[in-house]
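Single-letter residue listing:
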Amino acid sequence: MTQLAMAGDDWLSDNDIKRTKRAIANRKKAALACAKKLESAAEALNDFLRACRECNDESSDRVGREWDGRNIMIRDITEYAGWLDAVYGKEQQS
């Protein structure tokens, strides 16, 4: 005997559908919270970098500015926070 696999939306129980909707809602909530925290982290890192520049010593990023890890991290954090907001925040804006 051959057993057919049950797959697809037609074979989902009401509990499966509710569980999936809850998981999707939780992911969206977590993504938006993450984006907010990433924006705060980028802001804090930017403040630290500004303070380092004011010291006018080796802690500054004046030499090799574009290759300084702090600038790269700020750029990457900001980019990812923007992506999260664009993907998971767009439904909220509608």
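Counting from 1, residues in each chain are numbered in the order their sequence is written. Local features in this predicted model are restricted to residues whose pLDDT is 70 or higher, and side-chain atom pairs enter the listing and the counts only when it is 80 or higher, whereas totals over whole chains, interfaces and linings include all residues. To get the side-chain values, take all heavy atoms of the structure and skip hydrogens and water.

## A short note on helix α2 (residues 69-88)
Working note: α-helix, 3.6 residues per turn, so residues spaced by three or four point in the same direction.
Thinking step 1. End to end, α2 covers 28 Å across 20 residues, agreeing with the expected 28 Å (1.5 Å per residue, within 8%).
Thinking step 2. Listed as buried for α2 are R70, N71, I74, I77, A81, L84 and Y88. One face of α2 carries all of its buried residues, which in axial projection span an arc of 160°.
Thinking step 3. Pairs of N or O atoms are called polar contacts if they sit within 3.5 Å, as long as, within protein, a hydrogen donor faces a hydrogen acceptor (for residues adjacent in sequence, only side-chain-to-side-chain pairs). Only DSSP runs of H or I covering at least 4 residues are called helices, and only runs of E covering at least 2 are called strands; the numbering of each starts at the N terminus. Put simply, D68 is the residue that caps the front of α2, since its side-chain oxygen is 2.8 Å from the backbone nitrogen of R70. Here, expected helix span is obtained from the residue count minus one, scaled by 1.5 Å. Residue burial is assigned from relative accessible area. The probe radius is 1.4 Å, only protein chains are included, and a residue is buried under 20% of its type maximum, exposed over 50%, and partly exposed in between. By arc we mean the arc of the directions from the helix axis to the C-beta atoms, nothing more.

## Focus: the packing of helix α1 (residues 14-55) against α2
Between two packed helices, both the angle of their axes relative to each other and the distance between the axes serve to describe the pair.
Thinking step 1. Remark: α1 packs on α2, axes separated minimally by 8 Å, with the N-to-C direction vectors making an angle of 155°. Considering the angle they form, α1 stands roughly antiparallel to α2. Of the two elements, α1 crosses α2, and the hand of that crossing is left-handed.
Thinking step 2. Side-chain classes follow a simple rule in which Ala, Val, Leu, Ile, Met, Phe, Trp, Tyr, Cys and Pro form the nonpolar group, Asp, Glu, Lys and Arg form the charged group, and the remainder, Gly included, forms the polar group. Grouping the amino acids of the contact of α1 with α2 by side-chain chemistry returns 17 nonpolar, 3 polar and 6 charged. Fitted lines through C-alpha atoms give the axes, limited to the stretch in contact for helices. The angle between two N-to-C directions lies from 0 to 180 degrees. These descriptions rest on fixed angle ranges, namely under 35 degrees for roughly parallel, over 145 for roughly antiparallel, 65 to 115 for roughly perpendicular, and the rest for oblique. Less than a right angle of anticlockwise turn of the near helix away from the far helix marks a crossing as left-handed, whereas a clockwise turn marks it as right-handed.

In short, the description is geometric, and any link to function would need to be established separately.
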